[in-house]
Amino acid sequence: MGDDTATLHMDGIPADTLLKVKKYLDCFHLSLQKLQEVSARLRKDMVRGLGKHSHHRAPVKMLPTFVTATPDGTEKGDFLALDLGGTNFRVLHVRVVEEQQKVLKMDSQICAIPKEMMMGSGEQLFDHIADCLGDFLVSHNLKEQTLPLGFTFSFPCEQKEIDKSILIRWTKGFNCSGVEGEDVVKLLRKAIDRRGDYDIGSVAMVNDTVGTMMSCGYRDQSCEIGMIIGTGTNACYMEEMKNVKRVEGEAGRMCINTEWGGFGDDGSLKDIQTEFDVKVDKMSINPGVHTFEKMISGMYLGEIVRLLLVRLTEEKLLFNGQTSEVLLTPETFETKFISEIEEKEHGLENTQKILTKLGLKWDLVDSRVVRLVCDAISSRSARLCAAALAALANRIRGNRRLDHLKTTVGVDGTVYKKHPNFSDELQSTVRRLAPQCDISYLVSEDGSGKGSAMVTAVAQRLALQSRLLEDSDGDDEEEEEDN
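All figures in this text were calculated on a predicted structure; none of them were measured in a lab. Numbering of residues starts from 1 in each chain and follows the order in which that chain's sequence is written. Reporting in this predicted model follows two pLDDT cut-offs: at least 70 for local features of residues, and 80 or more for side-chain atom pairs to be given and counted; totals over whole chains, interfaces and linings ignore these cut-offs and use all residues. Values shown for side chains rest on all heavy atoms present in the structure; no hydrogens or waters enter the calculation.

Engineer: Sorry if this is basic, but what is going on with helix α2 (residues 15-25) here?
Structural biologist: For an α-helix, the turn length of 3.6 residues means that residues three or four places apart are oriented alike. Exposure categories follow from relative accessible area, calculated using a 1.4 Å probe and restricted to protein chains: below 20% of the type maximum is buried, above 50% is exposed, and the middle band is partly exposed. Starting at the N terminus, helices and strands are each numbered in turn, a helix being any DSSP run of H or I of at least four residues and a strand any DSSP run of E of at least two. Along α2, the residues classified as buried are Thr17, Leu18, Val21, Tyr24 and Leu25. For α2, the angular spread of buried residues about the axis comes to 115°, placing them on one side. Exposed side of α2, more than 90 degrees from the buried face: Ala15, Leu19 and Lys23 are the residues found there. What the arc describes is the spread of directions from the helix axis to the C-beta atoms.

As structure tokens, then:
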């Protein structure tokens, strides 16, 4: 994926073919200078997103999460986690063991949400969640305990407090009535009250990127950035409170959910969008929205490759100018094919199997050209992601006025974890874009399960500390009066 990999893919392609193919791939190759520009633009947009008056116009929303600390290693206890983000939801029992510095998944259960329920009433949906949670507590002998709960609810929400989150709109095929504009924690508690046979403790609402950061933060307490590069892409990081203009208070830090997928929605990335990106956007269910995400994430990379292959075939640079019905059908080239094609050992063999599956008549040169195309698309994705991550790291360094920042990023997502070269390409590009930042990477274990329990554990620790503080403040006053 770096220059060596690209050279490797060029072997065996006749010079004149290579020259013609590269004309179509050049627009995906972004220079270091261009990546620095992109990174600087994102930093500007982050400031706009944090501003009290500029926020509503900002494409990068920079949402406060009300998570004001990362783990310090003293968290402990039993917690429940609820993870709702699609057609299934999970219930987990998680134990945080201080002595071992471990977050253990004790038990978990997956519950299906029937299709008709996704379109029914909100009351029916939350009753179903409360029933599944109740059944889980009974079957694992937890019903008599009142455990705190971390709730990962992966839909666009405006968080008002750690335990208050208003659903802005349903996505992913859900359209339950009576939920948009409402506090989902309140709806969950009401459903549990209707059942009346168990209770839950404090609730922490968790965004999945925050869960990713927190699940890594117990293992490595210098983890202050969470990043997901999977079907979609997003990141969060710890920001200085004084810069979070939409929330009262100056002291300390707060985790900000950047929602960086929306970067470029105001047209600021037009100079690097290719005709293929524009086409993918037009054909998507949300044209003009999540511009950055559509150039990077797993939901779209395969489709960009497919459009390029169709164009190269039309130009008679592939498959003797003969496409297939499958290749001409949108979304038939899956993003996982890119990882399989770029595999070091069996990449060429995999390419040929995939091309056959797509109903194409190929020769050896075709399979090498297809590898080159996949490399160009995945490489751009990794480098753009690196530009965004460098913006976050450089901002943290600037906030603290440090010459050198040492930090850790918790990462999750299939593109990062499954692609053979993506993580190497991303990390080497970040080193070039943020040379004063020494960044370690930790792959998250179950951010939406263990991570959300960790958010709840930290919230509980902070609540306890602030109660202790209030008590001790009172003591000081008494002592002063005695003197």
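Picking up where we left off.
Engineer: Would you mind showing me how to read the pairing of strand β8 (residues 203-206) here?
Structural biologist: Two faces belong to every sheet, and in a regular strand the side chains alternate between them. Of the two faces of β8, the one holding Val203 and Met205 and the one holding Ala204 and Val206 are both buried throughout. What makes two strands pair is DSSP finding at least two bridges between them. Of the strand pairs in this sheet, strand β5 (residues 149-153) and β8 are connected by four bridges, and their pairing is parallel. Along β8, the bridge assignment pairs Gly150 with Ala204.

Engineer: What should I look at first to understand the environment of Arg306 in this one?
Structural biologist: Looking at the element boundaries, Arg306 is found in helix α10 (residues 298-314). Residues Arg306 and Pro330, 24 residues apart in the sequence, show an inter-C-alpha distance of 7.9 Å. Note on contacts: a residue pair is in contact if any heavy atoms of the two residues lie within 4.5 Å. Setting aside residues up to four positions removed in sequence, Arg306 forms contacts with Met283, Leu327, Leu328, Thr329, Pro330, Glu331, Thr332 and Phe333. Here Leu327 takes part through its backbone oxygen, which lies 2.8 Å from a polar atom of the side chain of Arg306. Distance and chemistry together define a polar contact, namely a pair of N or O atoms within 3.5 Å, with one atom able to donate a hydrogen and the other to accept it when in protein, and with adjacent residues in sequence counting only for side-chain atoms on both sides.

Engineer: How should the nonpolar core be read in this particular structure?
Structural biologist: The tendency in soluble globular proteins is for nonpolar side chains to be buried as a group. Judged by nonpolar contacts, the single largest core of 86 residues is most densely connected at Phe333 and Leu426. Looking at this core element by element, the count peaks at 19 residues for helix α13 (residues 364-399). Contact partners of Phe333, with chain neighbours within four places excluded, come to Gly302, Glu303, Val305, Arg306, Leu309, Ile338, Ile341, Ile354, Leu358 and Cys374. Buried residues of nine kinds, namely Ala, Val, Leu, Ile, Met, Phe, Trp, Tyr and Cys, make up a nonpolar core once their side-chain atoms join them within 4.5 Å.

Engineer: Can you walk me through the sheet that holds strand β13 (residues 437-443) in this structure?
Structural biologist: Sheet strands pair via backbone hydrogen bonds, and the direction of the pair is either parallel or antiparallel. Taken together, the six strands give an open sheet; going across it, the order is β1-β11-β10-β9-β12-β13, and neighbouring strands pair in mixed fashion. With partners counted over all chains shown, the strands left at the sheet margins are β1 (63-64) and β13, one partner each. Bridging between β1 and strand β11 (residues 253-257) involves two bridges; their strand directions are antiparallel. Residue pairing in the sheet places Pro64 in a bridge with Ile256 of β11. Contacting β9 (223-229), β10 (233-240), β11, β12 (405-412) and β13, helix α7 (residues 208-217) crosses the sheet at an angle of about 130° to β9. Structural elements are reduced to axes, namely lines fitted to C-alpha atoms, with helices fitted over the stretch in contact, and the angle between N-to-C directions of any two is expressed from 0 to 180 degrees.

Engineer: Can you walk me through the UniProt feature "domain: Hexokinase N-terminal" (unreviewed entry) in the protein in this structure?
Structural biologist: Residues given the UniProt feature "domain: Hexokinase N-terminal" (unreviewed entry) here are residues 21-218. When the span residues 21-218 is considered, its composition is 34% helix and 25% strand, and the gap between its end C-alpha atoms is 48 Å. UniProt positions are given in the numbering used here, feature names are shortened, and annotations may be inferred rather than shown by experiment.

Engineer: Looking at this structure, how should I read the pattern of salt bridges?
Structural biologist: Any Lys or Arg side-chain nitrogen located within 4 Å of an Asp or Glu carboxyl oxygen qualifies as a salt bridge. In this structure the tally under the stated criterion is 30 salt bridges. Between Glu334 and Lys336 there is a salt bridge; the shortest N-O distance is 3.9 Å. Taking relative accessible area as the criterion, Glu334 reaches 36% and is therefore assigned partly exposed. Between Lys417 and Asp412 there is a salt bridge; the shortest N-O distance is 2.9 Å. Its relative accessible area of 17% is what places Asp412 among the buried residues. Connected through shared salt-bridge partners, Lys34, Glu37, Arg41 and Asp271 make up one network.

Engineer: What exactly am I supposed to notice about the sheet that holds β5 here?
Structural biologist: Strands sit in the order β4-β3-β2-β5-β8 across an open sheet of five strands; the sheet is mixed. The open sheet terminates on both sides in strands that have one partner only, identified here as β4 (102-112) and β8. Going across the sheet, the axis of each strand differs from the next one's by a mean of 20°, ignoring polarity.

Engineer: Got a minute to help me understand unusual backbone geometry in this structure?
Structural biologist: The general pattern is negative phi for most residues beyond glycine and trans for most peptide bonds. For Phe66, which is not glycine, the phi torsion reads 65° and is therefore positive. Considering the arrangement of structural elements, one finds Phe66 in the loop between β1 and β2 (77-84).

Engineer: Would you mind going over the packing of aromatic side chains with me for this structure?
Structural biologist: Two measures describe an aromatic ring pair: the distance that separates the ring centres and the angle between the ring planes. Ring geometry is summarised as follows: Phe, Tyr and Trp rings, the Trp one being its six-membered ring, pair when their centres sit within 6.5 Å, and such pairs are stacked at plane angles under 30 degrees, edge-to-face over 60 and tilted between the two. Under the definition given, this model contains 10 aromatic pairs. Ring centres 5.0 Å apart and planes at 55° place the aromatic pair Phe153 and Phe155 in the tilted group. Each member of the pair Phe153 and Phe155 is classed as buried. Ring plane angle 85° and centroid distance 5.4 Å describe the contact between Phe333 and Phe337, whose orientation is recorded as edge-to-face. By the burial criterion, Phe333 is buried, and Phe337 matches it. Grouped by ring-pair contacts, the aromatic residues Phe151, Phe153, Phe155, Trp170 and Phe174 constitute a single cluster.

Engineer: Quick question: what am I supposed to make of the packing of α2 against α13 here?
Structural biologist: Two packed helices can be described by the angle between their axes and the distance between those axes. Running from N to C, α2 and α13 cross one another at 25°; their axes reach a closest spacing of 11 Å. Viewed along their axes, α2 and α13 adopt a mutual orientation that is roughly parallel. In this structure, the crossing between α2 and α13 has a hand that is right-handed. Taking contact as the criterion, the partners of Leu18, Val21 and Leu25 in α2 are, on α13, Val369, Leu372, Val373 and Ala376. If an angle is under 35 degrees, it is roughly parallel; if it is over 145, roughly antiparallel; if it lies from 65 to 115, roughly perpendicular; otherwise it is oblique. Less than a right angle of anticlockwise turn of the near helix away from the far helix marks a crossing as left-handed, whereas a clockwise turn marks it as right-handed.

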